[in-house]
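Analysis of the macromolecular model
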Amino acid sequence: DAMVIQNPRYQVTQFGKPVTLSCSQTLNHNVMYWYQQKSSQAPKLLFHYYDKDFNNEADTPDNFQSRRPNTSFCFLDIRSPGLGDAAMYLCATSSLGQRYTFGSGTRLTVV
Amino acid sequence: LAKTTQPISMDSYEGQEVNITCSHNNIATNDYITWYQQFPSQGPRFIIQGYKTKVTNEVASLFIPADRKSSTLSLPRVSLSDTAVYYCLVVGMDSSYKLIFGSGTRLLVRP
């Protein structure tokens with residue numbers, strides 16, 4: 001039944017070691033979003049894809065990249081994770097202008 | 001992008017009606033108001049949205065006065081499982097329909 005699936009639910013990575021988080025959707029939505037949520041804070045939009053068009057938020061660090069190979073999948077790549085990148089990463093989808101559907105998130109720990 | 005202001009936290013008891021008010025003084029003509037609920041370690045979940053007057057669904061009501069500078073989310077007869085963070089967001093074409101989260105209201109429902 002899950003419509004936005006994030007894998008893995010928990011990810012531990014080493015300081016500086018590249019890590020990739022994945023998101024898939026069964027809703028056929030044309031927009032996919034990545035948010036970062038640190039403890040006790042609100043989700044912060046990193047970037048989104050409108051179809052194949054990538055849209056970066058102005059304050060998203062270069063360390064964060066994304067790929068969307070097809071409608072169903074979107075990946076978040078963190079090139080050199082630092083301790084400050086430990087957070088919950090949330091993927092969401094929508095048809096433009098419609099309600100968002102969020103995944104359950106991937107909790108990233110950097111050691 | 002219209003900034004939203006809502007109480008940081010609220011307490012209630014089971015069975016009571018809870019009203020969370022959000023102010024959005026610089027809402028644009030084409031913007032609409034949407035509310036999301038987030039439980040710990042989960043992604044936000046859509047509750048309700050509206051443009052003006054009153055909207056009701058199976059879980060909540062949303063009241064929007066004529067000037068649209070504020071809105072009130074009403075949760076009837078809350079239960080312990082309604083303990084969560086509630087986010088008020090203003091969304092519109094000018095911001096490409098992006099959800100930009102403010103700090104939210106942390107609702108605690110007590111027995």
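All right, on to the interface of chain A and chain B then. Across the contact, 21 residues belong to chain A and 18 residues belong to chain B. Each partner contributes to the roughly 1,500 Å² buried at the junction of chain A and chain B, and carbon and sulfur atoms together form 56% of this total. Among the residues chain A hides against chain B, the three largest losses belong to A:Arg99, A:Tyr100 and A:Phe102. Together they make up 31% of the total. Applying the counting criterion to the chain A and chain B interface returns 1 salt bridge.

What follows is about the side chain of A:Gln36. All names here are of chain A. Here Gln36 lies in strand β4 (residues 31-37). Side chain to side chain, Gln36 and Tyr89 meet in a polar contact 3.0 Å long. For Gln36, the contacting residues outside a window of four places in its chain are Ala42, Pro43, Lys44, Leu46, Phe64, Asp85, Ala87, Met88 and Tyr89.

The subject of this paragraph is the sheet that holds strand β1 (residues 4-7) of chain A. All names here are of chain A. Pairing is antiparallel in the open sheet, where 4 strands are placed in the order β1-β3-β8-β7. At either margin of the open sheet sits one strand with a lone partner, and together these are β1 and β7 (64-67). Adjacent strand axes in the sheet meet at a mean angle of 20° when their direction is disregarded.

Before going further, it helps to spend a moment on the state of the cysteines. Every disulfide links exactly two cysteines, by a covalent bond between their sulfur atoms. One pass over the structure, following the stated rule, counts 2 disulfides over all chains. Disulfide pairing places A:Cys23 opposite A:Cys91 at an S-S distance of 1.9 Å. Disulfide A:Cys23-A:Cys91: torsion about the S-S bond near -70°, hence left-handed. With A:Cys23 in strand β3 (residues 19-25) and A:Cys91 in strand β9 (residues 87-94), this residue pair connects regions lying 68 residues apart in the sequence. Given a relative accessible area of 1%, A:Cys23 falls into the buried group. Shown here is the disulfide that connects B:Cys22 with B:Cys88, its sulfur atoms set 2.2 Å apart. One disulfide, between B:Cys22 and B:Cys88, carries an S-S torsion of -80° and so falls in the left-handed class. Taken together, the positions of B:Cys22 in strand β2 (residues 18-23) and B:Cys88 in strand β8 (residues 84-91) put the pair 66 residues apart, joining distant regions of the chain. Summarising the burial analysis for this pair, B:Cys22 and B:Cys88 share the class buried. Not engaged in a disulfide, the cysteine A:Cys74 finds its nearest cysteine sulfur in A:Cys91; these two sulfurs lie 6.1 Å apart.

With that settled, consider the packing of aromatic side chains. In this structure the tally under the stated criterion is 14 aromatic pairs over all chains. Measuring from centroid to centroid gives 6.1 Å for A:Phe102 and B:Tyr36, while their planes differ by 80°, and the two rings are edge-to-face. Of this pair, A:Phe102 sits in strand β10 (residues 101-102) while B:Tyr36 sits in strand β3 (residues 32-38), each in a different chain. B:Tyr36 gets classed as buried once you look at its relative accessible area, which sits at 1%. With centroids separated by 5.7 Å and ring planes inclined at 80°, the aromatic side chains of B:Tyr36 and B:Phe46 adopt a geometry described as edge-to-face. One end of the pair, B:Tyr36, is in strand β3; the other, B:Phe46, is in strand β4 (residues 45-50), and 10 residues separate them in sequence.

Conventions we followed
- Residues numbered from 1 in each chain as written.
- Chains lettered and ligands numbered in written order.
- Predicted model: local features only at pLDDT ≥ 70, side-chain atom pairs only at ≥ 80, totals over all residues.
- Heavy atoms only, no water.
- Contact = heavy atoms within 4.5 Å.
- Buried area = accessible area lost by both parts, 1.4 Å probe.
- Salt bridge = Lys/Arg side-chain N within 4 Å of Asp/Glu carboxyl O.
- Helix = DSSP H or I, 4+ residues; strand = E, 2+ residues; numbered from the N terminus.
- Polar contact = N/O pair within 3.5 Å; in protein donor to acceptor, adjacent residues only side chain to side chain.
- Pairing = 2+ DSSP bridges.
- Axes fitted to C-alpha atoms, helices over the stretch in contact; angles between N-to-C directions.
- Disulfide = S-S within 2.5 Å.
- Buried < 20%, exposed > 50% of the residue type's maximum accessible area, 1.4 Å probe, protein only.
- Phe/Tyr/Trp six-rings, centres within 6.5 Å; stacked < 30°, edge-to-face > 60°.

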